[in-house]
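Structural characterization, general
The primary structure of each chain is shown beneath.
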Amino acid sequence: MVRPFVRTGGRDRPSRPEVRLESLVLAATGPADTLRLDHRRVLALVQGVRGGLAVAEIAAALELPPSTVPILVCDLMDSGHLSSPAPALDDEPDIDILREVLRGLRAKV
């Protein structure tokens, strides 16, 4: 068994705090021959799936600790091997509209 800190080079936090277990990652391009074994395993798995994978799915499929995979994923994102879809901006409904809907529903009751 390889200890998690060995897999991450002693790091205990990902370089990108927005990368969590539920984050979706997609394969990008780039040579993988200089990557470490765990990085190559992550990249090969993501490249084999159309539409990307969640970080938790990567951890489960490769049987790696869930605390380690976000760090590996961030390494691959930093090197340009993985990317993440941009989150939708302003995806939440306007609070004033929700209040009006609530008032209308209460008036019907």
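It should be noted that the structure appears before, not after, this text.
Heads up: these notes are all about the structure in this document. (Residues numbered from 1 in each chain as written. Predicted model: local features only at pLDDT ≥ 70, side-chain atom pairs only at ≥ 80, totals over all residues. Heavy atoms only, no water.)

Quick notes on the sheet that holds strand β3 (residues 82-83)
Worth spelling out the cut-off: Paired strands, as defined in this entry, are two strands with at least two bridges between them according to DSSP. Note on conventions: DSSP H or I runs of at least 4 residues are helices, E runs of at least 2 residues are strands, and numbering of each starts at the N terminus. Contacts were defined at the residue level, with two residues in contact if any of their heavy atoms lie within 4.5 Å. Between N-to-C directions, angles cover 0 to 180 degrees, with each direction set by a line fitted to C-alpha atoms, over the stretch in contact for helices.
Taken together, 3 strands build an open sheet; the order of strands is β2-β1-β3 and the sheet is antiparallel. A single partner strand is all that each edge strand has here, and the edge strands are β2 (53-54) and β3. Pairing geometry for strand β1 (residues 24-27) and β3, over 2 bridges, is antiparallel. Bridging across to β3, Leu26 finds its partner in Ser83. Relative to β1, helix α2 (residues 37-47) is tilted by about 90°, and along the sheet it contacts β1, β2 and β3.

Quick notes on the environment of Leu24
With respect to the helices, strands and loops of the structure, Leu24 is situated in strand β1. Between the C-alpha atoms of Leu24 and Ser84, which are 60 residues apart in sequence, the distance is 6.0 Å. Not counting residues up to four positions away in its chain, the partners in contact with Leu24 are Gly51, Gly52, Leu53, Ala54, Ser83, Ser84 and Pro85.

Some details on the side chain of Asp38
By the element assignment, Asp38 lies in helix α2. In this structure Asp38 touches Arg7, Leu64 and Leu72, once residues within four positions along its chain are discounted.

Comments concerning a nonpolar patch on the surface
To keep it simple, the criterion reads: Patches here: salt-bridge-free residues with over 30% relative accessible area, like charges joined within 9 Å, nonpolar side chains (Val, Leu, Ile, Met, Phe, Trp, Tyr) joined within 5 Å. Note on areas: Shrake-Rupley with a 1.4 Å probe; residue coverage comes only from the protein chains shown. By convention in these notes, a salt bridge is any Lys or Arg side-chain nitrogen within 4 Å of a carboxyl oxygen on Asp or Glu. The cut-offs for exposure are 20% and 50% of the maximum accessible area for each residue type, with area from a 1.4 Å probe on protein chains only; residues under the lower value are buried, those over the upper are exposed, and the others partly exposed.
Residues Ile97, Val101 and Leu105 make up a contiguous nonpolar surface patch of roughly 290 Å² in combined accessible area. On the basis of relative accessibility, which here comes to 52%, the residue Leu105 falls in the exposed class.

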